Amino acid sequence: MTAVSQGPPPTPVPGPVTDRKTMGGRRRQLGGVGENAGKANWIVKAVLLIICFLWIVPVIGLFITSVRQPDAANATGWWTVLKSPLDATQWTLANYTEVATESNMFRAFINSFAITLPATLIPILIAAFAAYAFTFMEFKGRDVLFIMIVSLLVVPNQVALVPLLQLYGQFGLNGTFPAVWLAHIGFGMPLAIFILRSYMATLPKELIESAKVDGATHFTTFWRLVIPVSVPALASFAIFQFLWVWNDLLVALIFLGPGENEPMTVNLAGLIGQQGQGWQLITAGGFFTMIVPLIVFLSLQRFFIRGMVAGSVKG
Amino acid sequence: MTAKVITALISIIAGVGGALVLYYLLNKLAERLPGPWEDRIKPYVYILPAVAAIGLFLIYPAYQTIVYSFANRTSTEWVGLDNYRQLLTSEAFLQTLFNTLLWIVIVPTATVILGLAVAVLADRLRPRGEKLTKTIIFLPMAISMVGAATIWRFVYEARPAGQPQIGLQNAIVTALGFDPVVWLQQERFHMNSFWLMVILIWAQVGFSMVLLSAAVKGVPTETLEAARIDGATERQAFFRVVVPQIWPTVTVVFITVLIGVMKVFDVVYVMTNGNFNTNVIGLEFYNQLFTNGNAGFAAAIVVMLMVAIIPVMIYQVRQFRAQEAGR
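Residues numbered from 1 in each chain as written. Chains lettered and ligands numbered in written order. Predicted model: local features only at pLDDT ≥ 70, side-chain atom pairs only at ≥ 80, totals over all residues. Heavy atoms only, no water.

With an unreviewed UniProt entry as reference, chain B is termed Sugar ABC transporter permease, source organism Actinoplanes aureus.

Chain A goes by Carbohydrate ABC transporter permease in an unreviewed UniProt entry, where it is assigned to Actinoplanes aureus. Reading the Subcellular location (unreviewed entry) entry of the UniProt record for chain A gives the comment "Cell membrane". Regarding chain A, the relevant UniProt record gives this comment under Sequence similarities (unreviewed entry): "Belongs to the binding-protein-dependent transport system permease family." (UniProt positions renumbered as here; feature names shortened; annotations may be inferred.)

Counting secondary structure elements, chain B contains 13 helices and 0 strands. For chain B, the succession of helices and strands along the chain, N to C, is α-α-α-α-α-α-α-α-α-α-α-α-α. A total of 327 residues make up chain B; the buried ones form 54% of that total. Put simply, of all contacts in chain B between residues at least 6 apart along the chain, 63% involve residues at least 24 apart. Per element, the accessible surface of chain B, about 14,600 Å² overall, is 67% carbon and sulfur. (Helix = DSSP H or I, 4+ residues; strand = E, 2+ residues; numbered from the N terminus. Buried < 20%, exposed > 50% of the residue type's maximum accessible area, 1.4 Å probe, protein only. Contact = heavy atoms within 4.5 Å. Areas by Shrake-Rupley, 256 points an atom, 1.4 Å probe, with all protein chains shown as cover.)

Okay, the UniProt feature "transmembrane region" (unreviewed entry) in chain A next. Residues and elements named next belong to chain A. Here, UniProt's "transmembrane region" (unreviewed entry) annotation points to residues 42-64, 108-132, 144-168, 180-200, 221-246 and 278-300. When the span residues 180-200 is considered, its composition is 100% helix and 0% strand, and the gap between its end C-alpha atoms is 29 Å. Along residues 221-246, the helical share is 96% and the strand share 0%, with 33 Å between the first and last C-alpha atoms.

Another aspect to go through is the nonpolar core. In this structure, I193 and F255 of chain A together with W103, Y156 and F285 of chain B are the most contacted members of the largest nonpolar core, which totals 221 residues. A per-element tally of this core places helix α5 (residues 105-136) of chain A first, with 19 residues. What Y156 of chain B contacts, discounting residues up to four positions off in sequence, is Q169, N170, W183, L184, W195, V198, I199 and M271 of chain B. (Core = buried A, V, L, I, M, F, W, Y, C linked by side-chain atoms within 4.5 Å.)

Residues and elements named next belong to chain B. Their axes nearest at 9 Å, the elements helix α1 (residues 2-32) and helix α2 (residues 36-68) cross at an angle of 165°. Judged by the inter-axis angle, α1 sits roughly antiparallel to α2. Crossing of α1 over α2 shows right-handed handedness. Judged by residue contacts, L22, Y23, L26, N27, A30 and E31 of α1 engage E38, K42, V45, Y46 and P49 from α2. Among the residues making up the contact of α1 with α2, the classes are represented as 7 nonpolar, 1 polar and 3 charged. (Axes fitted to C-alpha atoms, helices over the stretch in contact; angles between N-to-C directions. Parallel < 35°, antiparallel > 145°, perpendicular 65-115°, else oblique. Left-handed = near helix turned anticlockwise from the far one by under 90°. Nonpolar A, V, L, I, M, F, W, Y, C, P; charged D, E, K, R; others polar.)

This next bit is on the interface of chain B and chain A. On the chain A side, the residues contacting the 124 residues of chain B number 143 residues. Taken together, both faces of the contact between chain B and chain A bury some 11,800 Å²; the carbon and sulfur share is 75%. It is K4, Y46 and F57 of chain B that lose the most area in chain B upon contact with chain A, and together they represent 6% of the buried surface on that side. Our count for the chain B to chain A interface comes out at 2 salt bridges. The salt bridge involving K4 of chain B is made with E260 of chain A; its shortest N-O contact spans 3.3 Å. Summed over the shared surface of chain B and chain A, the number is 13 residue pairs in polar contact (both at pLDDT 80 or more). (Buried area = accessible area lost by both parts, 1.4 Å probe. Salt bridge = Lys/Arg side-chain N within 4 Å of Asp/Glu carboxyl O. Polar contact = N/O pair within 3.5 Å; in protein donor to acceptor, adjacent residues only side chain to side chain.)

This paragraph deals with the domain arrangement of chain B. All names here are of chain B. For chain B, the assigned domains are domain 1 (2-68) and domain 2 (97-143 + 198-326). Between the C-alpha centres of domain 1 and domain 2 the distance comes to 34 Å. At the junction of the two partners, domain 1 supplies 4 residues and domain 2 supplies 5 residues. Summed over both partners, the interface of domain 1 with domain 2 buries about 330 Å², with 86% contributed by carbon and sulfur atoms. A per-residue breakdown of the area domain 1 buries against domain 2 is headed by T65, I66 and Y68, which together make up 89% of the total. Run the count over domain 1 and domain 2 and you get 0 salt bridges. Viewed at the interface, domain 2 and domain 1 are joined by 0 residue pairs in polar contact (both at pLDDT 80 or more). By residue class, the composition of the side of domain 1 that touches domain 2 is 3 nonpolar, 1 polar and no charged. (Domains from an automatic or database assignment.)

Across all of its chains, the model carries 14 salt bridges over all chains by this definition. For E31 of chain B, the salt bridge identified is with K28 of chain B, shortest N-O distance 3.8 Å. In this pair, E31 of chain B and K28 of chain B are both assigned in helix α1, 3 residues apart and thus about one turn of the helix distant. In this structure K28 of chain B comes out as partly exposed when scored by relative accessible area, which is 38%. Because the salt bridges share partners, they merge into one network encompassing R107, E260 and E262 of chain A together with K4 of chain B.

Those residues carrying the UniProt feature "domain: ABC transmembrane type-1" (unreviewed entry) are residues 97-314 of chain B in this numbering. Across residues 97-314 of chain B, the secondary structure splits into 72% helix and 0% strand, with the terminal C-alpha atoms separated by 23 Å.

This paragraph deals with the UniProt feature "transmembrane region" (unreviewed entry) in chain B. In this numbering, the UniProt entry assigns the feature "transmembrane region" (unreviewed entry) to residues 6-25, 45-63, 101-123, 135-155, 194-216, 237-262 and 295-317 of chain B. Between the end C-alpha atoms of residues 295-317 of chain B there is a gap of 31 Å, over a span that is 100% helix and 0% strand.

Moving on: the UniProt feature "domain: ABC transmembrane type-1" (unreviewed entry) in chain A. Annotation from UniProt places "domain: ABC transmembrane type-1" (unreviewed entry) at residues 109-300 of chain A. The distance from the first to the last C-alpha atom of residues 109-300 of chain A is 21 Å, and the span holds 79% helix and 0% strand.

Turning our attention to the side chain of S198 of chain A. Residues and elements named next belong to chain A. Among the structural elements, S198 can be located in helix α8 (residues 177-200). Classification of S198 by relative accessible area gives buried; the value is 4%. Here F194 takes part through its backbone oxygen, which lies 2.8 Å from a polar atom of the side chain of S198.

Any pair of aromatic rings gets described here by the distance separating the centres and the angle formed by the planes. Following the criterion strictly, the structure yields 39 aromatic pairs over all chains and no others. Seen from their ring centres, W152 of chain B and Y156 of chain B are 5.8 Å apart, and the 50° between their planes marks the pair as tilted. A residue pair is termed a helical-turn pair when its members lie 3 or 4 positions apart in one helix, as W152 of chain B and Y156 of chain B do in helix α6 (residues 145-156) at 4 residues. Residue Y156 of chain B is classed as buried on the basis of its relative accessible area, which comes to 4%. Geometrically, the ring pair formed by F194 of chain B and W195 of chain B is edge-to-face, given 5.5 Å between the ring centres and 65° between the ring planes. Of the aromatic side chains, those joined through ring pairs into one cluster are F129, Y132, F136, F219, F222 and W223 of chain A together with Y23, Y24 and Y46 of chain B. Looking at R40 of chain B, its charged tip hangs above the ring of W37 of chain B, at a distance of 4.9 Å from the centre. (Phe/Tyr/Trp six-rings, centres within 6.5 Å; stacked < 30°, edge-to-face > 60°. Lys NZ or Arg CZ within 6 Å of the ring centre and 35° of its normal.)

Laid out in structure tokens, this is it:
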């Protein structure tokens, strides 16, 4: 696993994170070992321990409750199991089976993939072509167009929802996967172009020039040269977009709503809203929705953080 | 079920493959153009699909939203400024605006301060401890807001006095000898809004910590040493040497969290649905559109949100220009 601590991301967030001032001078080594490493006294350690405890305990409580017997989960606090953790009769996976089938969480799980994968993969190539043109080609209106894209980064998705709902209504798209795919492709596009262009701008111009001299067309240069070296930026965007779409509630609620095509977030929100659902089911459903993002987080932490940091301004 | 998986797979192949074929063909066409026209047209060919997507799904709808904000609930008749007038004179909407303002003031500030504190303190740990600490604090970033709300709803769960509490917060309160509290209904001093804000802060501090940690580690050591030689205490060195140098990053984190907070929806929707005076404009927009079926009000609310975001937009563009100039 890669450390969370790393230098400023290679895809600069808009803003002076990679400020010139901090670039000069002798920097403390990035990646963890600084001059202060190991200097923590017990107060610092205690404070950090408490903060970490506060951060992680709610998640642990959710998980423990999700594997407890229904009666116990709703009658006593989850921490009571810590007295006898080895008592196997108190543990069960039945809550997961029940929430997957009775509450259709498994169907929602499949839907989440069916929504997220196309919405993540399709925009990448389209954005990459545009980013290439913005970085390596000269054309009229280039800077104005790009400034427009930068300003659109912060525009909240809400601005598009009312008209899109009516537009989709005319084409009978509401309630279908293409409705959310198209919306997410459009909403993610400014960010995708921005991330990829920021990265491509750091590639040596001479490389492109020399390819041109050797007679390569733009298409060949893009495909053979620029795309292969841009993989880190492509991955950062892909992970950000994947999690953004996977975790989205609003867009799914508006264009899909509860029912046949709902993703996990909509299903979970519905589960919480229903009266009388036991906590063992809600917690199992909650944890179920988190499994994929947590796997992505723990296995691709470095790309994940770059993606999150680069995409955090997305509106 | 399998049909859905197959549809999704076909869409991926058709979407990605289709885009590729389209670019290939357009590129071939552009190459046929005589002489200088090839180079003049090609850039537009490359950006066309992306710009079309942005135009169709962001710019055109944004324009339509502005238009709809001057029309009635079904967008069939002009009502002039009526939507704005009615919203801004309604007691409930003003309360909603005030609640949103509370979120805007409290959440970004708390997120920056906590993130900076963790970044600075964890910097003093040995690498392994620092890594573990940061992973734990960053973890909630992976979780959806609905998931986060589920986690915290369980923490805030309240049972009548005398019954065993299964929510952590009330278990602690009753263990200390107090009566259990229904946290999400504490309207006094907007305490319930505050409990909702905790969820967003919990989710965002990791982001703030990662950026600020990189900034703190980037402060040149000489400047700190110089301050110490001049007799500055550690506290003075921190506030007078480190803080000014990381200030640009502090601004970036603050603004980023601010944008997220202005349109917050999921947390409030799941936790209270705006009841007990916890409504915010992101949720009010949704409820006007769906529950109330009033597209005019919904559009007017979004336009107000857009107007509020314009200063951030200008800042964003300025920052970008400065960055480009320094490249």
